[in-house]
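What the coordinates show
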Amino acid sequence: MYKICLFGPQGSGKGTQADLMIKELDIPAVVPGNIFRHNISEKTELGQKVEEYTKAGKLVPDEITIEMIQNRLSEPDCASGFVVDGFPRNVSQAKSLNDRHDITHALLINISDEEAIHRLSRRRVCDCGATYHLDYNAPEKEGICNDCGKELYQRDDDKEDVIKKRLNIYHQETEPIFDIYKEKGVFHEVDGKQAIPKVWEDIKKILGP
Ligand code: ADP
Ligand code: ADP
Ligand code: ZN
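Rules behind the numbers
- Residues numbered from 1 in each chain as written.
- Chains lettered and ligands numbered in written order.
- Predicted model: local features only at pLDDT ≥ 70, side-chain atom pairs only at ≥ 80, totals over all residues.
- Heavy atoms only, no water.
- Salt bridge = Lys/Arg side-chain N within 4 Å of Asp/Glu carboxyl O.
- Buried < 20%, exposed > 50% of the residue type's maximum accessible area, 1.4 Å probe, protein only.
- Donors = N, O, S within 2.8 Å, 3.2 Å for Na, K, Ca; no water.
- Tetrahedral: all angles 85-135°; square planar, octahedral: opposite > 155°, others 65-115°.
- Helix = DSSP H or I, 4+ residues; strand = E, 2+ residues; numbered from the N terminus.
- Contact = heavy atoms within 4.5 Å.
- Polar contact = N/O pair within 3.5 Å; in protein donor to acceptor, adjacent residues only side chain to side chain.
- Axes fitted to C-alpha atoms, helices over the stretch in contact; angles between N-to-C directions.
- Left-handed = near helix turned anticlockwise from the far one by under 90°.
- Nonpolar A, V, L, I, M, F, W, Y, C, P; charged D, E, K, R; others polar.
- Near = heavy atom within 4 Å.
- Areas by Shrake-Rupley, 256 points an atom, 1.4 Å probe, with all protein chains shown as cover.
- Pairing = 2+ DSSP bridges.
- Phe/Tyr/Trp six-rings, centres within 6.5 Å; stacked < 30°, edge-to-face > 60°.

**Describing the pattern of salt bridges**
Throughout the structure, instances matching the rule amount to 13 salt bridges. Of the charged contacts, one joins Arg 72 and Asp 77 as a salt bridge, the two residues approaching to 2.8 Å between their closest N and O atoms. By relative accessible area, Arg 72 is classed as buried at 18%. Two residues, Asp 157 and Arg 166, come together in a salt bridge whose shortest N-O distance is 3.8 Å. When its relative accessible area of 11% is taken as the criterion, Asp 157 is described as buried. What you see here is one network of salt bridges that share partners, running through Arg 123, Arg 155, Asp 157, Asp 158 and Arg 166.

**A short note on the coordination of the zinc ion (ligand 3)**
Note on the zinc ion (ligand 3): its protein donors are Cys 126 (SG), Cys 128 (SG), Cys 145 (SG) and Cys 148 (SG). The metal-donor distances range over 2.3 to 2.4 Å. One way to put it: the four donor atoms around the zinc ion (ligand 3) meet at angles of 97 to 115°, and that makes the site tetrahedral. Mapped onto the sequence, the residues coordinating the zinc ion (ligand 3) show the spacing C-x1-C-x16-C-x2-C. Pair noted here: Cys 128 is in the loop between strand E5 (123-125) and strand E6 (131-133) and Cys 145 is in the loop between E6 and helix H7 (160-174), with a separation of 17 residues, a long-range link. By relative accessible area, which is 39% here, Cys 128 ends up partly exposed.

**Describing the environment of Ile 177**
Mapping Ile 177 onto the fold places it in the loop between H7 and helix H8 (178-184). Once the C-alpha coordinates of Ile 177 and Ile 206 are considered, the two residues, 29 residues apart in sequence, prove to be 20 Å apart. Apart from residues no more than four positions distant in its own chain, Ile 177 is found in contact with Phe 7, Pro 88, Arg 89, Asn 90, Val 91 and Ala 94.

**Digging into the side chain of Asn 90**
Position of Asn 90 among the secondary structure elements: in the loop between strand E3 (82-85) and helix H5 (91-100). Asn 90 gets classed as buried once you look at its relative accessible area, which sits at 9%. Engagement of the side chain of Asn 90 in a polar contact is seen with the backbone nitrogen of Gln 93, the distance being 2.8 Å. What Asn 90 contacts, discounting residues up to four positions off in sequence, is Leu 59, Asp 62, Glu 173 and Ile 177.

**Structural notes on the packing of helix H2 (residues 32-41) against helix H3 (residues 45-56)**
In contact at an axis separation of 8 Å, H2 and H3 are set at 115° when each is read in the N-to-C sense. In this structure, the crossing between H2 and H3 has a hand that is left-handed. Residues Phe 36, Asn 39 and Ile 40 of H2 form the contact with H3, whose own contacting residues are Leu 46, Gly 47, Val 50, Glu 51 and Thr 54. Among the residues making up the contact of H2 with H3, the classes are represented as four nonpolar, three polar and one charged.

**Quick notes on the site of ligand 2**
The environment of ligand 2 is formed by 17 residues, the closest being Lys 58, Gly 86, Arg 89, Gln 93 and Arg 166. With respect to ligand 2, the side chain of Gln 10 contributes an N or O atom lying 3.4 Å from an oxygen atom. Starting from 530 Å² of accessible surface for ligand 2 in isolation, the protein chains cover 95%. Elements with a contribution of two residues or more to the shell around ligand 2: H2 and H3. The biggest single contributor to the shell around ligand 2 is H2, with four residues.

**Thoughts on the pairing of strand E1 (residues 3-7)**
Regular strands place their side chains on alternate faces of the sheet. Within E1, five of the five residues are buried, leaving the element largely enclosed by the surrounding structure. Across the two faces of E1 the burial is the same, with Lys 3, Cys 5 and Phe 7 and Ile 4 and Leu 6 all buried. Across four bridges, E1 lies against E3 in parallel orientation. Bridge pairing in E3 places Leu 6 opposite Asp 85. Bridging between E1 and strand E4 (residues 105-110) involves four bridges; their strand directions are parallel.

**What about the packing of aromatic side chains?**
All chains considered together, the criterion is met by four aromatic pairs. Consider the rings of Phe 7 and Phe 178, whose centres lie 5.5 Å apart with planes at 65°: the pair is edge-to-face. On the criterion of sequence distance, the pair formed by Phe 7 in strand E1 and Phe 178 in helix H8 is long-range, its members being 171 residues apart. The pair Phe 7 / Phe 178 is uniform in exposure class, with both members buried. Relative to Phe 187, the ring of Phe 178 has its centre 5.1 Å away and its plane inclined at 40°; by these criteria the two rings are tilted.

Below you can see the structure in the form of structure tokens.
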């Protein structure tokens, strides 16, 4: 059974590779960023609570995020495995996740900050969770999602100053988690600068047959 956590700087391709896992490994992807964005656009109570943090590129407080993700992971479709993209993002989130789940693979998809900024400025996303790039992974029809036909948009926080803030938080708060998974012997790194199919090939080698 796969219980995978994806790590990597903003723009390293976590969402892109998580989509491949959904399709090829037949496991659900649990993506806090998508859940937050959905709640913000639907103007739910949760959305109103978290909007100021996501806009500023800050982490949403742990007491909101941890409960939301633990609830999601206890739904029936996650019982036979899952991939989490965007959680845990700090040591206390990691501890709470590890209390309930034995993560089988912590995968770091690594790129430089320069590459991250370059990629995110040309990223386009869909509400359904699909991710595109105007140069490297363009949709078949301009501005339209291949998967669901909805209109693509640029995220509010994919602007250079907010991207830099998010990258700083990643280096300061998320990178220290890696030691926890190294100690457990489940940590692996792949070179995220490679083309999308090559990154996927490397991940499949790590996951095994
Ligand atoms: P993350 O979820 O890590 O923030 P995404 O999967 O959203 O990253 O990818 C960021 C942007 O880079 C998207 O526009 C995506 O289409 C593009 N992208 C993803 N992987 C690659 C790759 N290996 N090479 C080039 N562009 C990529
Ligand atoms: P990014 O990779 O740039 O942080 P995401 O789509 O993963 O983008 O998340 C968007 C926003 O949602 C984040 O900037 C943050 O405000 C919030 N968020 C996502 N995951 C978490 C988390 N594990 N803990 C706290 N906040 C989170
Ligand atoms: Zn879509």
